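If you want the building blocks of each chain, they are given just below.
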Amino acid sequence: MAVSWVALVALAATALGASIAPEKQVLEKSSCGRVWVTVHSPEIRVSGSARLVDAVELNWDFNGCSNIPRQIGLFDARPTSWDNAMSIFSINEEDGHAVTSISLGEGALPAGWDVGPGHKGPHCLWPWVAAGDDQIQSFNCLKIQPTWMEDNAAKINHLRIGELAIAGTHNAGAWRFNTELSSVARDSFVLCQDRSIWAQLVHGIRYFDFRIAYYDFYDNEDDRYWLNHNLIRVRPLVPLLKEIRTFLDHTREVVFLDAHHFPMGFYNQDGSPIRSVHAGLIRLVQRELGPHLALASDFSTGAGTRGPTLQSLLNSDKRLLFSYVDNAIVSENTWLWPILPHLWANTNNPTELFQYLDQAVTVSPQPNARSPLHSAMAQTTPTVLDILFLRGSLRENADAVNRNVTARLATRWRQHANIVSTDFFLGNDVIDVSIIISVERGSRL
Ligand SMILES: *[C@@H]1O[C@H](CO)[C@@H](O)[C@H](O)[C@H]1NC(C)=O
């Protein structure tokens, strides 16, 4: 971990150097190890029937440091003195976390990003964390990273897309129902995220795993395409494509969209694709995102390679790569990117998940892979019985693995990880760690 810190501090020093305006102060600092803020995904029963949602968590990792700080605290502004801490916990181990009894609240996006495009660069939401003894030694905040690719362009633009480390979301569209019947925001087994696609982009997510379904009972073709979790409709697709469009129109970021599963309406009984339904989806994506599409037929570098560099995508100003799970459709539409391998453990057991991913990430990419990208699906999958008997919830499942995902990415997966997709991504630090790793890889070129 010490090495990564040198890289990040150097990054912070160059990107946000002291000579620049005071509002561009360093947001994150430590001489050894790291502290970071996450959000607790399950609700917590406080006393009696009172419940706390979105509790702020403080995390630390001082492995390999000669001095382990004595305490860690939560602050509502840049930490300067322990007197201003909202709560303080003692540190007894090299790495760990503390769950505060303070909620994140609305989590409004700072720097103008809540309502539309805002100011470039990383910005802090209100929670800050600091660790130290009498003096504060390390600090960090819960951030948005709306322009991290542009912010780090000089360091990462010569990386190929398969060489980047990228934070993604599993079932990216499965946040808050938006159907005729429901606008529920919290449930046990359907919703995998609690931030909109816009907010995910602003936080720094660049890969979206979409599960798209088709319902022919709507008159208007636009209304027939939905994002689902398996057989359950969550939100209509077109508004989400428009959010991605707005983001691409106003930034220089590259976004990866993956049509990874078609749970309803795209296939005949005999398993053959319904051509007209696929064609309708492809038309929608072309209509909404057309000017930004990086066509595989223009940019693909062939099987077993890592794809185009960020620089070549930026030079052509084509910054949306759309990958498609159906090989037959890809072969008829050669601008689609081929099936993007998901490293998926298909287990409800966290130990098995990490055993699988430790192996699968290490042997990726496969030498002859058609796609330059691969995605570690870093979430457990409930069984039918789990759902039937309401054993646990997707929030509890995410909580059981998200901290370990952050730790794995920083260590064992550091060399090989490409996309790491999670549920309830505010419960891990994959975005910031991925940026650190991408910068580190770029600096080695
Ligand atoms: C997750 O990390 C904790 C703390 O390091 C460890 O005790 C636990 O065994 C890990 N869980 C898995 C499934 O690897």
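Definitions and limits used
- The residue numbering used here restarts from 1 in each chain and proceeds along that chain's sequence as written.
- For a predicted model such as this one, the threshold for reporting local features is a pLDDT of at least 70, and the threshold for listing and counting side-chain atom pairs is 80 or more; totals across whole chains, interfaces and linings nevertheless cover every residue.
- Hydrogens and water molecules were not included; the side-chain quantities draw on all heavy atoms of the structure.
- In DSSP terms, a helix is any run of H or I states spanning at least four residues, a strand is any run of E spanning at least two, and both are numbered starting from the N terminus.
- Using C-alpha atoms as the atom set, the radius of gyration is obtained and then compared with a globule rule of 2.2 Å times the number of residues to the power 0.38.
- Residue burial is assigned from relative accessible area. The probe radius is 1.4 Å, only protein chains are included, and a residue is buried under 20% of its type maximum, exposed over 50%, and partly exposed in between.
- Residue contacts are defined here by distance: any two heavy atoms, one from each residue, within 4.5 Å place the two residues in contact.
- For the purpose of charge, His is not counted, nor are the chain termini; Lys and Arg are scored as positive and Asp and Glu as negative.
- Think of each charge as sitting on NZ of Lys, CZ of Arg, CG of Asp or CD of Glu.
- Delimitation of the domains relies on an automatic or database domain assignment.
- As used here, buried area is the combined drop in accessible area, with a 1.4 Å probe, of two parts when they are placed together.
- Any Lys or Arg side-chain nitrogen located within 4 Å of an Asp or Glu carboxyl oxygen qualifies as a salt bridge.
- We call a residue near a molecule or strand whenever a single non-hydrogen atom of that residue lies within 4 Å of it.
- Throughout this description, a polar contact denotes any pair of N or O atoms lying within 3.5 Å of each other; where both atoms belong to protein, one of them has to be capable of donating a hydrogen while the other can accept it, and for residues adjacent in sequence the pair is counted only when both atoms sit in side chains.
- For accessible areas, the Shrake-Rupley method is used with a probe of radius 1.4 Å. Any residue's cover is judged against the shown protein chains and nothing else.
- Nonpolar residues are Ala, Val, Leu, Ile, Met, Phe, Trp, Tyr, Cys and Pro. Charged residues are Asp, Glu, Lys and Arg, and all others, Gly as well, are polar.
- By definition here, a helix of n residues has an expected span of 1.5 Å times n minus one.
- The term bend refers to the angle at a residue between two fitted axes, each drawn through seven residues, those ending there and those starting there.
- DSSP bridges decide pairing: two strands pair if at least two such bridges lie between them.
- Axis lines are fitted through C-alpha atoms, for helices just across the contact stretch, and the angle between N-to-C directions can take any value from 0 to 180 degrees.
- Between rings of Phe, Tyr and Trp, where Trp is taken as its six-membered ring, a pair exists when centres lie within 6.5 Å; planes separated by under 30 degrees are stacked, by over 60 edge-to-face, and by other angles tilted.
- The criterion for a disulfide is a pair of cysteine sulfur atoms lying within 2.5 Å.

Okay, the overall build of the protein chain next. Per the secondary structure count, the protein chain includes 13 helices and 18 strands. Relative to the 2.2 N^0.38 estimate, which gives 22 Å for 445 residues, the radius of gyration of the protein chain is 21 Å and therefore close to what a compact globule would have. In terms of overall dimensions, the protein chain has a C-alpha envelope of 70 × 55 × 40 Å along the principal axes. Across the 445 residues that make up the protein chain, the buried fraction comes to 57%. Sequence separation of at least 24 residues holds for 71% of the intrachain contacts in the protein chain that already meet a minimum separation of 6. Averaged over its 37 positive side-chain charges, the protein chain has a centre that lies 4 Å from the centre of its 46 negative ones.

Let's shift gears to unusual backbone geometry. Of note, the amide linkage connecting Ser-364 to Pro-365 takes the cis form, showing an omega dihedral of -5°. Counting through the fold element by element, Pro-365 comes out in the loop between helix H10 (350-362) and strand S17 (375-377). Not every positive phi belongs to a glycine, and Arg-176 is a case in point at roughly 40°. The residue Asp-317 is not glycine, and still its phi comes out positive at about 50°. Mapped onto the secondary structure, Asp-317 falls in the loop between helix H8 (310-316) and strand S15 (320-324). Taking the relative accessible area as the measure of exposure, Asp-317 reaches 33% and is therefore partly exposed.

On to the domain arrangement of the protein chain. The domain architecture assigned to the protein chain consists of domain 1 (6-144) and domain 2 (148-444). When each unit is reduced to the centre of its C-alpha atoms, the spacing between domain 1 and domain 2 is 27 Å. Facing 29 residues of domain 1, the contacting portion of domain 2 comprises 29 residues. Each partner contributes to the roughly 2400 Å² buried at the junction of domain 1 and domain 2, and carbon and sulfur atoms together form 58% of this total. Where domain 1 packs against domain 2, one counts five salt bridges.

For the ligand, the full set of nearby residues is Pro-350, Thr-351, Phe-354 and Asn-404. Asn-404 is positioned with one of its side-chain polar atoms (N or O) 2.4 Å from an oxygen atom of the ligand. Taking 360 Å² as the accessible area of the ligand by itself, protein coverage stands at 39%. Of the residues that constitute the shell around the ligand, the class distribution is two nonpolar, two polar and no charged.

The next thing to look at is H10. Taking 1.5 Å per residue, 13 residues should reach 18 Å; H10 reaches 18 Å between its end C-alpha atoms and fits that length. For H10, the full list of buried residues reads Leu-353, Phe-354, Leu-357, Asp-358, Ala-360 and Val-361. As for H10, its buried residues are in contact with strand S16 (342-343), S17 and helix H12 (394-410). The N-capping residue of H10, defined by a side-chain oxygen 2.7 Å from the backbone nitrogen of Thr-351, is Asn-349.

In this section: H12. With 17 residues, H12 extends 24 Å from end C-alpha to end C-alpha; this agrees with the ideal 24 Å at 1.5 Å per step. Of all the bends in H12, the greatest, near 35°, is centred on Val-401. Judged by how many residues are buried, H12 sits mostly within the fold: 13 of 17 residues are covered.

We now examine the sheet that holds strand S7 (residues 95-103). Ordered in space as S1-S4-S7, the three strands form an open sheet in which the pairing is antiparallel. The open sheet terminates on both sides in strands that have one partner only, identified here as strand S1 (34-39) and S7. Neighbouring strand axes in the sheet, compared pairwise and without regard to direction, differ in orientation by 20° on average. As paired strands, strand S4 (residues 55-61) and S7 are joined by six bridges and run antiparallel to one another. Residue Ala-55 lies in a different strand from S7, and its bridge partner there is Ser-103.

Tallied over the full model, the rule gives 18 aromatic pairs. Note on Phe-262 and Tyr-324: the rings are 5.2 Å apart at their centroids and 45° apart in plane angle, and the pair reads as tilted. Taken together, the residues Phe-262 in strand S14 (residues 255-264) and Tyr-324 in strand S15 connect sequence positions 62 residues apart. Accessibility assignment for this pair places Phe-262 and Tyr-324 in one class, buried. On the basis of relative accessibility, which here comes to 0%, the residue Tyr-324 falls in the buried class. Linked through ring pairs, Tyr-214, Tyr-225, Phe-262, Phe-266, Tyr-267, Phe-322, Tyr-324 and Trp-335 together constitute an aromatic cluster.

Evaluated as defined, the whole model comprises two disulfides. Sulfur-sulfur distance for the disulfide between Cys-32 and Cys-65 comes to 2.0 Å. Linking Cys-32 and Cys-65, the disulfide has an S-S dihedral of approximately -95° and is accordingly described as left-handed. Residue Cys-32 is found in the loop between helix H1 (2-15) and S1, and its partner Cys-65 is found in the loop between S4 and strand S5 (71-75); the two are separated by 33 residues along the sequence. Given a relative accessible area of 21%, Cys-32 falls into the partly exposed group. For Cys-65, a relative accessible area of 9% corresponds to the buried category. Linked covalently through their sulfurs, Cys-124 and Cys-141 form a disulfide whose S-S length is 2.1 Å. Residues Cys-124 and Cys-141 are joined through a disulfide that is left-handed, its torsion about the S-S bond being -65°. Note that Cys-124 is positioned in strand S8 (residues 123-132) and Cys-141 in strand S9 (residues 136-144), a separation of 17 residues in sequence. Look at Cys-124 and you get buried, because its relative accessible area is 18%.

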